[in-house]
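Structure assessment
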Amino acid sequence: MADLRVDIRGLQLSNPVLTASGTFGYGLEFADFVPLERLGGIIVKGTTIARREGNPYPRMAEVPSGMLNAVGLQNKGVDYFVDHIYPQLAPIAANWIVNVSGSCVEDYAATAEKLAGLEHISAIEVNISCPNVKQGGMSFGTTTQGAGSVVRAVRKAYPKTMIVKLSPNVTDIAEIARAVEAEGADSVSLINTLLGMAVNVKTRRPVLSTVTGGLSGPCVKPVALRCVWQVAKAVQIPVIGLGGIMTATDAIEFLLAGATAVEVGTANFIDPSVTMKIIDGINTYLEENGFQSVQQIIGKLEV
Amino acid sequence: MPHKNENMAKKGLFDCTVVSNETLNHSYFMLRLQADGLPAMRPGQFVEVRIDHTPDAFLRRPISLHDVQAAEGIISLLIQRVGAGTQHLATLKPGDTVNVLLPLGNGFSLPENGDRRPRVLVGGGVGIAPLLYLGRTLAGQGVPVSFLLGFRSQREMLDLSAFEAVGSVYITTEDGSVGEKGFVTNHSLLQNGQPGFIQTCGPTPMMKAVAAYASAHGIPCEVSLENKMACGLGACLCCVTETQTGHKCVCSDGPVFNISELTWQI
């Protein structure tokens, strides 16, 4: 067995495979398929200061090798999380990470502050890249000033590990990454979904109630790999790569491109046990290629 | 959040072998799958079948349980060819392997405390699929079952002998080519008497009409909804329907809802 441990600036992961927010619920939905404590970490559903009902149905469109979603951060709010969901997660020995979203800087900070007091929440992932909400979300993540302002406010409110999730819907993702690093982010995760659209020619209407939505699945992987490669060269903090990872080979591509860890998202819908196969597959790759540790392949792409 | 219901069987992934795949008419086919160690499955629950080898069908396809032969480990899926996913399933041959996620969803309510009031199970089109297993389960508990099944025309009709073996079968077609002409809600079965409980699955306009009938007559009624799904586990929140208490997942909170939970204008 190779050494799969990685470190996200103090957050110790037993292996580099996390689950992406919004694709794995609160983990418990997958407990029949995955021993949750075997995951490197579990990033739970996007959480906001107040309850959100999300967008109207239809919220999903299947596209070749992927899907569009327009869920719109449906969640019961951070207080409900703290009172009703956290107590179910706390007894399970896993790295629980909460994805935090908001429609203004103050909401992000207030949500992060409420989570800071929870012993068994290891980190937060600040979502400045959700394409499915009218206010906030991605609008913060598309300028260096917007991204910097959220990270600055959350940094004051949250002392533990802060990951910032970046949007690919920008001209220069490395510039945004440098801005959040400068404001004290411990890590960046990328990419969130690509803004996309689907049309039904029979009805001559958009498929999604919101017209546009977030594209995910293997169709986005080449874009995601390119972004991870660019950002890993631009910042000193650890990069977490995601976007269309379906197999261990996909995950290894991200590690080689400079990701310290990866998140698996849409693949959970096709195979709810896929994360275990990816962890095992990374180990097999390391052993077959004579590596003792996953550290030996991170960022080791030969260009 | 998932329900902590101790009665729910553990969900699993099963590599099933195709026992048979029979074309039933111009658009329907019956796929029968076998695997060992299948968990207990309730009427109204569904499965998600993985579609391999075609990029146009990326997600699993949710399909209701038409019939279950627990002792043999066989499930029967009555499927309508609609798009790339179901087209692919129609091409499977006996001996092929297909990966199935099951059992999913809540299922229809079954009688409690020996309640044997007669039930009418109303189906339309491919929505008749989950009613066979439901009807057989009810009949096994001593509940008199009537099936009221609506089709567009004779061309859409299926061999209903399996239904006839379980209960009385009443047919409507929109063009009157078989059974009574018109919609299920116009059928004399509902016009001349009132059932104790209605459970229905079919096109949304049909279910809304059935729900309106049930509501007007004070009859309890359950509907089985079908929305586009991704995970099937209540995690992605894609398949939601509006309820009296906000958005709920059709895959995990449903697919069966009592009409009193929904916000239908009926």
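The following paragraphs examine the structure supplied in this document. (Residues numbered from 1 in each chain as written. Chains lettered and ligands numbered in written order. Predicted model: local features only at pLDDT ≥ 70, side-chain atom pairs only at ≥ 80, totals over all residues. Heavy atoms only, no water.)

1. Describing helix H4 (residues 144-157) of chain A
Each turn of an α-helix holds 3.6 residues, which means side chains three or four residues apart point in the same direction. Residues and elements named next belong to chain A. Stated formally: A run of H or I in DSSP becomes a helix once it reaches four residues, and a run of E becomes a strand once it reaches two; helices and strands are each numbered from the N terminus. Here, expected helix span is obtained from the residue count minus one, scaled by 1.5 Å. Buried residues are those whose accessible area, probed at 1.4 Å on protein chains only, stays under 20% of the maximum for their type, while exposed residues exceed 50% and partly exposed ones sit between those limits. Every residue pair with non-hydrogen atoms within 4.5 Å of one another is taken to be in contact.
Spanning 14 residues, H4 covers 20 Å between terminal C-alpha atoms, matching the ideal 20 Å at 1.5 Å per step. Regarding H4, the residues found buried are Gly146, Ala147, Gly148, Val150, Val151, Ala153, Val154 and Ala157. On its buried face, H4 sits against helix H2 (105-116), strand E8 (121-127), helix H3 (138-141), strand E9 (161-165) and helix H5 (173-182).

2. Looking at the nonpolar core
Applicable threshold: By nonpolar core we mean a set of buried residues, namely Ala, Val, Leu, Ile, Met, Phe, Trp, Tyr and Cys, connected to one another through side-chain atoms within 4.5 Å. Domain ranges listed in this record stem from an automatic or a database domain assignment.
Ranked by internal contacts, the top residues of the largest apolar core, which has 139 residues, are A:Phe81, A:Ile128, A:Val164, A:Leu166, A:Leu190 and A:Ile282. Per-domain counts for this core show at least three residues from each of domain 1 (12-104) and domain 2 (119-261) of chain B. Those residues in contact with A:Leu166 that lie beyond four places of it in its chain are A:Ile128, A:Ser129, A:Ile173, A:Ile176, A:Ala177, A:Val180, A:Val188, A:Ser189, A:Leu190, A:Ile191 and A:Asn192. Counting residues in each nonpolar core, the second largest holds 25 residues, with B:Cys16, B:Leu38, B:Ile63 and B:Val98 among its members.

3. Remarks on the environment of B:Pro203
All names here are of chain B. Tracing the backbone shows Pro203 in the loop between strand E12 (197-201) and helix H5 (204-217). Judged by its relative accessible area of 43%, Pro203 falls in the partly exposed class. Considered as a pair, Pro203 and His247 are 44 residues apart in the sequence and their alpha carbons are 21 Å apart.

4. Concerning H5(A)
Residue and element names in this part refer to chain A. What counts here: Pairs of N or O atoms are called polar contacts if they sit within 3.5 Å, as long as, within protein, a hydrogen donor faces a hydrogen acceptor (for residues adjacent in sequence, only side-chain-to-side-chain pairs).
Here H5 has its buried residues at Ile173, Ala174, Ile176, Ala177, Ala179 and Val180. Its buried side turned inward, H5 meets H3, H4, E9, strand E10 (187-190) and helix H6 (221-234). Its side-chain oxygen 3.1 Å from the backbone nitrogen of Ala174, Asp172 forms the N-cap of H5. Gly184 occupies a position one or two residues after H5 and carries a positive phi of about 105°.

5. Section: the packing of H6(A) against helix H7 (residues 248-256) of chain A
All names here are of chain A. Test applied: Lines fitted to the C-alpha atoms define the axes, with helices restricted to the stretch that makes contact. Angles between their N-to-C directions range from 0 to 180 degrees. Any angle from 65 to 115 degrees is called roughly perpendicular, while one under 35 is roughly parallel, one over 145 is roughly antiparallel, and all others are oblique.
Packing of H6 against H7 brings their axes to within 9 Å, and their N-to-C directions diverge by 25°. As the angle between them shows, H6 and H7 are arranged roughly parallel. Together, Lys221, Ala224, Leu225 and Val228 of H6 and Asp250, Glu253 and Phe254 of H7 make up the contact between the two elements.

6. Here we look at the packing of H2(A) against H4(A)
Residues and elements named next belong to chain A. Put simply, the rule is: In this scheme the crossing of two helices becomes right-handed for a clockwise turn of the near helix relative to the far one and left-handed for an anticlockwise turn of less than a right angle. Gly counts as polar in this scheme, as do all residues outside two lists: the nonpolar Ala, Val, Leu, Ile, Met, Phe, Trp, Tyr, Cys and Pro, and the charged Asp, Glu, Lys and Arg.
Interhelical geometry of H2 versus H4 gives an angle of 30° and a closest axis separation of 8 Å. Taken together, H2 and H4 sit at an angle that is classed as roughly parallel. Regarding H2 and H4, the two cross each other, and that crossing is right-handed. On H4, the residues that touch Val105, Tyr108, Ala109, Ala112, Glu113 and Ala116 of H2 are Ser149, Val150, Ala153, Val154 and Ala157. Across the contact of H2 with H4, the residue classes tally to nine nonpolar, one polar and one charged.

7. A few points about empty space enclosed by the protein
Heads up, the condition is: Cavities and pockets were defined on a 1 Å grid built over protein atoms only: a cavity is a set of grid points that admits a 1.4 Å probe from which the probe cannot escape, a pocket is an open set flanked by protein on both sides within 12 Å along at least five of seven lines, and lining residues are those with an atom within 4 Å of any such point. Grid points are joined across faces, edges and corners, and a volume is the space filled by probe spheres set on the points.
In total, this model carries one cavity of 30 Å³ or more according to the counting rule given. Computed from the structure, the largest cavity encloses a volume of approximately 500 Å³. In the lining of the largest cavity, the residues fall into 16 nonpolar, 17 polar and three charged.

8. Some points on the sheet that holds strand E11 (residues 194-197) of chain A
Residues and elements named next belong to chain A. The line we're drawing: Two strands make a pair as long as DSSP finds a minimum of two bridges between them.
Spatial strand order, E5-E6-E14-E11: four strands in an open sheet with antiparallel pairing. Of all strands in the sheet, those bounded by a partner on one side alone are strand E5 (60-63) and E11. Taking each pair of neighbouring strands and ignoring which way they run, the sheet shows an average axis angle of 40°. Where E5 and strand E6 (residues 66-69) come together, four bridges link them in antiparallel fashion. Residue Val63 lies in a different strand from E6, and its bridge partner there is Gly66.

9. Considerations on the state of the cysteines
Any covalent bond linking the sulfur atoms of two cysteines counts as a disulfide. Note the cut-off: The disulfide definition used here is simple: a pair of cysteine sulfur atoms within 2.5 Å.
For the structure on display, the rule yields zero disulfides over all chains. In this model B:Cys236 remains outside any disulfide bridge; the closest cysteine sulfur is found in B:Cys238, 3.6 Å from its own.

10. Description of the side chain of A:Asp271
Residues and elements named next belong to chain A. With respect to the helices and strands, the residue Asp271 is situated in the loop between helix H8 (267-270) and helix H9 (274-288). Judged by its relative accessible area of 6%, Asp271 falls in the buried class. Separated by 2.4 Å, the side chains of Asp271 and Lys277 make a polar contact.

11. Overview of a nonpolar patch on the surface
Residues and elements named next belong to chain A. Rule in force here: Exposure above 30% relative accessible area and the lack of any salt bridge qualify a residue for a patch; like charges then connect within 9 Å, and the nonpolar side chains Val, Leu, Ile, Met, Phe, Trp and Tyr within 5 Å. Only the protein chains shown count as cover for residues, and all accessible areas are computed by the Shrake-Rupley method using a 1.4 Å probe. A pairing counts as a salt bridge when a side-chain nitrogen of Lys or Arg comes within 4 Å of a carboxyl oxygen of Asp or Glu.
Nonpolar side chains collect at one region of the surface, where Met197, Val199, Val201 and Val211 lie side by side and expose about 380 Å² of accessible area between them. Its place among the elements puts Val201 in the loop between strand E12 (199-200) and strand E13 (205-206). Its relative accessible area of 68% is what places Val201 among the exposed residues.

Functional significance is not addressed by these values, which are geometric in nature.
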